[in-house]
Amino acid sequence: MAKLSQEDLLAQFEELTLIELSEFVKAFEEKFDVTAAAAVAVAGPAQGGPAAEAEAEQDEFDVILTGAGEKKIQVIKVVRELTSLGLKEAKDLVDGAPKPVLEKVAKEAAEKAAESLKAAGASVEVK
């Protein structure tokens, strides 16, 4: 028998009904003396605590400007450097704080942006 690729196996499983698939899982468990209960245990906590898992595996961060501070013009300049906003849009963002400056960026980029904004006198929050 030729070895089937994972894609071939998935194509075969696609054609099965739920009852046939359930019978296959039972036969697989008996043949190899394993259980599929581990998959259920993994799925259980995900339903009960998605916020906790999201924090543990967070790889995207938002940089939120919470206040402009005394050096508002410097903060506007930094916001323009970090984003592709024009002068008016950057000023509106700074005036409307708290507002996100960057969204869904890597941790390093978020930390670098937060440091730049803090150096300009702004108060920043990274979420």
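All of these numbers come straight from a predicted model, not from anything done at the bench. (Residues numbered from 1 in each chain as written. Predicted model: local features only at pLDDT ≥ 70, side-chain atom pairs only at ≥ 80, totals over all residues. Heavy atoms only, no water.)

Participant: It is not clear to me how the sheet that holds strand β3 (residues 123-126) should be interpreted in this structure. Could you clarify?
Facilitator: The strands that make up a sheet pair up through hydrogen bonds in the backbone, lying either parallel or antiparallel. Read across the open sheet, the 3 strands follow the order β2-β1-β3; overall the sheet is antiparallel. The open sheet has two edge strands, β2 (99-105) and β3, and neither has a second partner. In this sheet, neighbouring strand axes are inclined to one another by 20 degrees on average, regardless of whether the strands run parallel or antiparallel. The sheet contact formed by strand β1 (residues 61-67) and β2 spans 4 bridges and is antiparallel. Each bridged residue has a counterpart across the sheet, and for Phe-61 the counterpart in β2 is Val-105. Docked against the sheet, helix α7 (residues 107-119) engages β1, β2 and β3, running at close to 15 degrees with respect to β1. (Pairing = 2+ DSSP bridges. Helix = DSSP H or I, 4+ residues; strand = E, 2+ residues; numbered from the N terminus. Axes fitted to C-alpha atoms, helices over the stretch in contact; angles between N-to-C directions. Contact = heavy atoms within 4.5 Å.)

Participant: How do you make sense of a nonpolar patch on the surface when you look at a structure like this?
Facilitator: Together, Leu-16, Phe-24, Val-25, Phe-28, Phe-32 and Val-34 give the surface a local cluster of nonpolar side chains, amounting to about 490 Å² of exposed area. The topology assignment puts Phe-24 in helix α2 (residues 18-32). (Patch = residues over 30% accessible without salt bridge, like charges linked within 9 Å, V, L, I, M, F, W, Y side chains within 5 Å. Areas by Shrake-Rupley, 256 points an atom, 1.4 Å probe, with all protein chains shown as cover. Salt bridge = Lys/Arg side-chain N within 4 Å of Asp/Glu carboxyl O.)

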